[in-house]
Amino acid sequence: MRFDILTIFPEALRELLNIGILGQARAAGVIDVQLHDLREYTDDPHRLVDDRPYGGGAGMLMKVEPFVRGIEAIRAEVDGDVRILLLSPQGRALKQSDAASWATLDGLILLCGRYEGVDERITAFIDDEISIGDYVLAGGETAAAVVVEATARMTPGVVGKYDSIQSDSFYDKPRLGAPQYTRPPEFRGLKVPDVLLSGDHAKIDAFREAEAWKKTMKNRPELLGLNLEEMSDNG
Ligand code: ADE
């Protein structure tokens, strides 16, 4: 699986994409991550990637041509099933199931916007516009790193034990992962639940399942189709 990221700040992403399991997977050749400087695809002496919006308004917009030239250059290098995503706060919300389906592709091309966004004509050249949450970042770079990390984790051979993605939050059920504990068995009066020390795996599984649902109910009731505000408004 190959990831290509088009950005005006390739350096900012370099280190982040080299650490932990991503770094290991890249070193092992399981995934390939290529960073591309968007300014390489400009054709003016000032290497301009932004301009003023038609119709007026505050701030600058990213121009469409450098992105499209970048996409075409990358497409010429990557064979097979490739998807092109624009990271933007106007996109649809990223889900675990997106990461799982992108992990089956040959390539993902990620476009990082900055400033007030990208000329809307970019939508003719992309497959999807993705947001990582209902807040506005200074640019799409951190969002692209999120997409690479979430997708790479779902790519076979990236996470050592396949088991450890199956116990993830959101893996196959709309719920959070179970709370976990490690040594010591007691810290400042806080004990690890006895069942986890019991060695009884059926009981441990049942305990974890119940705790996972409890945590989901507390922190993400909407995943269970519940609206706690509405329920408390109604008494
Ligand atoms: N760029 C700026 N904000 C963003 C967000 N929330 N998601 C994806 N890209 C973004």
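If you're wondering where the values come from, they're calculated on a predicted model, not measured in any experiment.

As for helix H5 (residues 141–153)
And then number 1: The end-to-end C-alpha separation of H5 is 18 Å, in line with the 18 Å expected for 13 residues at 1.5 Å each.
And then number 2: All of the buried residues along H5 are Glu141, Ala143, Ala144, Ala145, Val147, Val148, Thr151 and Ala152.

Quick notes on the sheet that holds strand S5 (residues 82–93)
And then number 1: The strand order S2-S1-S6-S5-S7 describes an open sheet built from five strands, whose pairing is parallel. In the strand order of this sheet, the two ends are held by strand S2 (32–37) and strand S7 (128–131), each with one partner. Strand-to-strand twist of the sheet, defined as the mean angle between neighbouring strand axes without regard to direction, takes the value 30°.
And then number 2: Here S5 pairs with strand S6 (residues 107–112) via six bridges, running parallel. Bridging across to S6, Leu85 finds its partner in Leu110.
And then number 3: Its contacts with the sheet place helix H3 (residues 64–75) against strand S1 (2–7), S2, S5 and S6, and it is angled at close to 165° to S6.
And then number 4: Its contacts with the sheet put H5 on S1, S2, S5 and S6, and the angle it makes with S6 is roughly 160°.

A look at the environment of Asp43
And then number 1: Positionally, Asp43 belongs in the loop between S2 and strand S3 (50–51).
And then number 2: A relative accessible area of 63% places Asp43 in the exposed class.
And then number 3: Sequence separation of Asp43 and Gly20 is 23 residues, and the distance between their C-alpha atoms is 37 Å.
And then number 4: Polar contacts involving the side chain of Asp43 include one to the side chain of Arg69, which spans 3.1 Å.

Some words on the site of the ligand
And then number 1: Near the ligand there are 13 residues, and of these Ser88, Ile132, Gly133, Tyr135 and Leu137 occur at the shortest range.
And then number 2: Contact between the ligand and Tyr135: a nitrogen atom at 2.8 Å from a main-chain N or O atom of the residue.
And then number 3: In isolation the ligand exposes 260 Å². Once the protein is present, 97% of that is buried.
And then number 4: Where the shell around the ligand is concerned, the elements lending two or more residues are S5 and S7.
And then number 5: In terms of residues, the shell around the ligand owes the most to one element, S5, which gives three residues.
And then number 6: For the shell around the ligand, the residue count by class is eight nonpolar, five polar and no charged.

Quick word on the domain arrangement of the protein chain
And then number 1: For the protein chain, the assigned domains are domain 1 (2–153) and domain 2 (173–233).
And then number 2: The C-alpha-based centres of domain 1 and domain 2 are spaced at 36 Å.

About the cut-offs
Residues numbered from 1 in each chain as written. Predicted model: local features only at pLDDT ≥ 70, side-chain atom pairs only at ≥ 80, totals over all residues. Heavy atoms only, no water. Helix = DSSP H or I, 4+ residues; strand = E, 2+ residues; numbered from the N terminus. Expected span 1.5 Å × (residues − 1). Buried < 20%, exposed > 50% of the residue type's maximum accessible area, 1.4 Å probe, protein only. Pairing = 2+ DSSP bridges. Axes fitted to C-alpha atoms, helices over the stretch in contact; angles between N-to-C directions. Contact = heavy atoms within 4.5 Å. Polar contact = N/O pair within 3.5 Å; in protein donor to acceptor, adjacent residues only side chain to side chain. Near = heavy atom within 4 Å. Areas by Shrake-Rupley, 256 points an atom, 1.4 Å probe, with all protein chains shown as cover. Nonpolar A, V, L, I, M, F, W, Y, C, P; charged D, E, K, R; others polar. Domains from an automatic or database assignment.

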